[in-house]
2 protein chains.
Amino acid sequence: MGDYAFDTDSRVWPAGADGGFAAELTDRWNGTAGAVNGGYMLATCTRALGLAMPFPDPVVVSGFFLRPGAAGPAAVRSSVIRSGRTMAFGEAALTQDGKDIVRATAAFARLGSAAREGSDRDGAGRDGPVFLDGTPPALPPPVECVGVPVASFGLASIAERIEFRSAELPGWFRGQPSGRPASEFWMRFADGREADLLSLPLLVDSTAPSVLELGAGSTTIQLTVHLRAHPAPGWLACRATTRFVSNGYHEEDFEVWDSAGTLVAQSRQLALILPP
Amino acid sequence: MGDYAFDTDSRVWPAGADGGFAAELTDRWNGTAGAVNGGYMLATCTRALGLAMPFPDPVVVSGFFLRPGAAGPAAVRSSVIRSGRTMAFGEAALTQDGKDIVRATAAFARLGSAAREGSDRDGAGRDGPVFLDGTPPALPPPVECVGVPVASFGLASIAERIEFRSAELPGWFRGQPSGRPASEFWMRFADGREADLLSLPLLVDSTAPSVLELGAGSTTIQLTVHLRAHPAPGWLACRATTRFVSNGYHEEDFEVWDSAGTLVAQSRQLALILPP
């Protein structure tokens with residue numbers, strides 16, 4: 001897996017007699033509040049599941065965030081719940097000091113790559129109908145975009161691992177929240193690691209929450225990630241959108257499009273608005 | 001709970017010594033393919049969780065559908081994973097003949113009702129900021145709408161339990177799929193039961209899949225339901241949308257708005273396209 005930060009930090013290895021894994025969470029994926037990023041922990045669960053599942057590709061991963069994680073030793077219990085002919089289901093629990101931090105459930109299968117199994121001209125490919133009511137964000141090329149200076153994030157070490165580029169600096173950063181909790185931007189690992197299905201559960205949760213544009217902060221309760229295609233190498237074009245903030249909660253939707261213009265991941269999280 | 005079909009059919013009762021529940025799935029919630037509706041099974045899991053959780057309201061429920069269910073005896077194992085000060089997490093497994101059919105995970109809390117805890121005029125209510133980038137579907141009144149005749153569904157008994165009304169009959173029913181996998185319609189229980197948080201996991205999965213408008217069928221792999229507010233009595237205005245069908249999968253988003261114009265549930269599922 002090379003020496004990429006994501007692979008090193010999400011590594012799991014067999015430990016104990018019960019089929020469990022050990023892991024070591026690092027402080028290299030902390031968000032603005034100094035907490036270990038939830039997507040990083042969910043990706044670590046997904047990696048452990050991948051070692052147990054009879055199919056290579058996660059197609060949907062659901063994670064519940066029970067407690068904050070901390071840099072340091074962790075364990076992952078994982079098990080196959082059901083193994084079918086073309087799809088298998090598994091669950092994982094990331095624990096620290098004997099307490100569950102994240103509970104994850106996932107379905108794995110063999111996911112076609114759009115490049116390998118594209119649609120015929122009539123829209124019906126080998127894998128059935130194709131319908132796309134959406135396009136990648138229309139962004140200037142990454143070289144013409146700007147990013148929030150990493151140093152300005154203070155404790156947010158995740159900003160050193162993942163690069164973001166947008167047409168203009170976000171309103172929340174300029175001290176002028178736009179009132180519109182939506183954004184479009186480029187994203188990639190800073191150390192050159194290409195995105196894959198295992199890293200997408202991290203990437204979809206790696207940005208500042210959209211509600212910063214409302215002057216609010218939030219914490220993720222649950223995150224569901226659909227993995228729709230193997231990403232092509234290169235920058236990912238992303239779209240984050242919150243449509244409903246009410247009763248102290250909000251959803252946040254996230255789309256990830258690869259450099260070939262294919263939708264590779266779609267996620268939604270429910271988050272709890274934090275007191276000011 | 002009265003004699004409403006939903007309450008009777010999703011009832012669970014203590015059984016065995018390990019804190020488990022028994023249930024009896026009925027054939028009154030079958031879909032067009034004659035299978036027990038997934039949302040009905042997820043609602044049954046949610047009901048069992050509700051009996052164990054220290055807070056009354058599900059705020060997010062995630063279900064994975066491992067095997068088809070069948071009318072007949074079932075069991076539900078459920079447990080509290082974590083109980084915090086304002087939120088608790090639990091998991092449930094619906095089993096038949098010793099095999100897991102549905103795996104559910106949920107977070108419960110005490111959910112404000114928009115009517116009780118609405119926002120102040122400046123958009124910041126007792127529960128924090130409010131932002132709504134969406135409105136209920138603009139539908140003619142239910143009395144001016146039409147519904148697919150129940151008898152035309154053949155085996156689809158769920159159509160006898162839940163009423164749907166839309167401005168015009170769906171294209172797939174008229175033998176002319178529209179090519180647009182999206183719809184807006186009214187929905188309510190046929191026997192007069194009002195919707196509540198416990199029944200919404202069923203209701204968001206109770207309609208024909210949007211991809212019927214592409215001439216395709218599908219089966220749900222995973223369903224995440226966000227419960228955003230206690231519904232007011234009356235008809236529910238719903239919007240179902242599929243934006244991306246690719247690689248043999250599609251997502252389906254569902255919004256439920258109550259008679260007071262409040263968004264009460266938002267769900268997304270990942271479904272597998274079935275061979276023609």
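Structure first, text after, so check above.
Residues numbered from 1 in each chain as written. Chains lettered and ligands numbered in written order. Predicted model: local features only at pLDDT ≥ 70, side-chain atom pairs only at ≥ 80, totals over all residues. Heavy atoms only, no water.

> Is there a simple way to think about the overall build of chain A in this case?
Tallying secondary structure elements over chain A gives four helices and 16 strands in all. Radius of gyration (C-alpha) of chain A: 18 Å, near the 19 Å computed for a compact globule of 276 residues. Considering only C-alpha atoms, chain A reaches an extent of 55 × 55 × 40 Å along its principal axes. Of the contacts made within chain A by residues no fewer than 6 positions apart, 66% connect residues no fewer than 24 positions apart. Accessible surface, chain A: about 11100 Å² in total, of which carbon and sulfur atoms supply 52%. Seen as two clouds, the 23 positive and the 30 negative side-chain charges of chain A have centres 4 Å apart. (Helix = DSSP H or I, 4+ residues; strand = E, 2+ residues; numbered from the N terminus. Rg over C-alpha atoms; globule rule 2.2 N^0.38 Å. Contact = heavy atoms within 4.5 Å. Areas by Shrake-Rupley, 256 points an atom, 1.4 Å probe, with all protein chains shown as cover. Lys, Arg positive; Asp, Glu negative; His and termini not counted. Charge placed at Lys NZ, Arg CZ, Asp CG, Glu CD.)

> Would you mind showing me how to read the packing of aromatic side chains here?
Working definition: an aromatic ring pair is given by the centre-to-centre distance plus the angle between the planes. Applying the stated criterion across every chain, the model contains 18 aromatic pairs over all chains. When the ring of Trp172 of chain A is compared with that of Phe173 of chain A, the centres are 6.3 Å apart and the planes differ by 85°; the resulting orientation is edge-to-face. According to the relative accessible area criterion, Phe173 of chain A is partly exposed, its value standing at 29%. Measuring from ring centre to ring centre gives 5.9 Å for Phe185 of chain B and Phe254 of chain B, while their planes differ by 65°; the resulting arrangement is edge-to-face. Here Phe254 of chain B lies in strand β15 (residues 249–257) and Phe185 of chain B lies in strand β11 (residues 182–189), a separation of 69 residues in the sequence. Summarising the burial analysis for this pair, Phe185 of chain B and Phe254 of chain B share the class buried. Here a set of aromatic residues connected by ring pairs shows up, and it is made of Phe6, Trp29, Tyr40 and Phe189 of chain A. (Phe/Tyr/Trp six-rings, centres within 6.5 Å; stacked < 30°, edge-to-face > 60°. Buried < 20%, exposed > 50% of the residue type's maximum accessible area, 1.4 Å probe, protein only.)

> Sorry, what's going on with the side chain of Ser157 of chain B here?
Residue and element names in this part refer to chain B. Structurally, Ser157 can be placed in the loop between β9 (131–132) and α3 (158–161). Of the polar contacts made by the side chain of Ser157, one reaches the backbone nitrogen of Trp29; its length is 3.3 Å. Beyond its immediate sequence surroundings of up to four residues, Ser157 is in contact with Asp27, Arg28, Trp29 and Asn30. (Polar contact = N/O pair within 3.5 Å; in protein donor to acceptor, adjacent residues only side chain to side chain.)

> Sorry if this is basic, but what is going on with helix α2 (residues 38–52) of chain B here?
Residues separated by three or four positions in an α-helix point in the same direction, a consequence of the helix having 3.6 residues per turn. Residue and element names in this part refer to chain B. Compared with an ideal rise of 1.5 Å per residue, which puts 15 residues at 21 Å, α2 spans 22 Å between its outermost C-alpha atoms and is within 8% of the ideal. Buried residues dominate α2, accounting for twelve of its 15 residues. Residues of α2 that are buried include every one of Gly38, Gly39, Tyr40, Met41, Leu42, Ala43, Thr44, Cys45, Thr46, Arg47, Ala48 and Leu49, and no others. Between the side-chain oxygen at the start of α2 and the backbone nitrogen of Gly39 there is a gap of 2.8 Å, and the oxygen is on Asn37. (Expected span 1.5 Å × (residues − 1).)

> For this particular structure, what's the right way to read the environment of Ser166 of chain A?
Residue and element names in this part refer to chain A. Looking at where Ser166 falls in the secondary structure, it is placed in the loop between β10 (162–165) and β11 (182–189). Judged by relative accessible area, which is 14%, Ser166 ranks as buried. Along the backbone, Ser166 and Trp186 are 20 residues apart, and their C-alpha atoms lie at a distance of 6.3 Å. Not counting residues up to four positions away in its chain, the partners in contact with Ser166 are Cys145, Val146, Glu184 and Phe185. Of the polar contacts made by the side chain of Ser166, one reaches the backbone oxygen of Glu168; its length is 2.9 Å.

> How should I be thinking about the interface of chain B and chain A in this particular structure?
At the interface, 59 residues of chain B touch 59 residues of chain A. Roughly 5300 Å² of surface becomes buried between chain B and chain A when both sides are summed, with 59% attributable to carbon and sulfur atoms. Where chain B packs against chain A, one counts eight salt bridges. Its salt-bridge partner being Glu255 of chain A, residue Arg243 of chain B comes within 2.8 Å of it at the nearest N-O pair. Counting across the chain B and chain A interface gives 26 residue pairs in polar contact (both at pLDDT 80 or more). Each residue belonging to the side of chain B that touches chain A can be placed in one class, and the counts come to 29 nonpolar, 17 polar and 13 charged. The pairing of strand β9 (residues 131–132) of chain A with strand β14 (residues 244–246) of chain B spans two bridges and is classified as antiparallel. (Buried area = accessible area lost by both parts, 1.4 Å probe. Salt bridge = Lys/Arg side-chain N within 4 Å of Asp/Glu carboxyl O. Nonpolar A, V, L, I, M, F, W, Y, C, P; charged D, E, K, R; others polar. Pairing = 2+ DSSP bridges.)

> Can you walk me through the relation of the copies chain B and chain A in this structure?
Here the second copy of the chain follows from the first by a rotation about an axis and a shift along it. When chain B is fitted to chain A, the best match, at an RMSD of 0.0 Å, comes from turning it 180° and sliding it 0.0 Å along the axis. Here the two chains are linked by the operation of a two-fold rotation axis. Same-surface contact between copies: 100% of interface residues of chain B are shared with the interface of chain A. (Least-squares fit on C-alpha atoms with pLDDT ≥ 70 in both.)

> Teacher, can you tell me more about the pattern of salt bridges here?
If the charged atoms of two oppositely charged side chains come close together, the side chains can form a pair. Residues and elements named next belong to chain A. Throughout the structure, instances matching the rule amount to 33 salt bridges over all chains. For Asp7, the salt bridge goes to Arg193, with nearest N and O atoms at 2.7 Å. With a gap of 186 residues between them, Asp7 in helix α1 (residues 5–9) and Arg193 in the loop between β11 and α4 (200–203) connect regions that are remote in the sequence. Take Asp7: its relative accessible area is 4%, and that puts it in the buried class. Of the charged contacts, one joins Arg239 and Glu255 as a salt bridge, the two residues approaching to 2.8 Å between their closest N and O atoms. With a gap of 16 residues between them, Arg239 in strand β13 (residues 236–241) and Glu255 in strand β15 (residues 249–257) connect regions that are remote in the sequence. Residue Arg239 shares its accessibility class with Glu255, and that shared class is buried.

> Looking at this structure, how should I read the pairing of strand β16 (residues 263–273) of chain A?
Each regular strand shows side chains that alternate between the opposite faces of the sheet. All names here are of chain A. With respect to burial, β16 is a largely interior element, ten of its eleven residues being buried. One ladder, built from nine bridges, connects strand β12 (residues 218–227) with β16; its direction is antiparallel. By the bridge assignment, Ser218 is partnered in β16 with Ile273. Relative to β16, β15 runs antiparallel, the two sharing nine bridges. Note that in β16 the partner of Glu252 across the bridge is Gln269. Hairpin remark: β15 followed by β16, antiparallel, with five residues in the connecting loop; positive phi at Gly261, about 85°.

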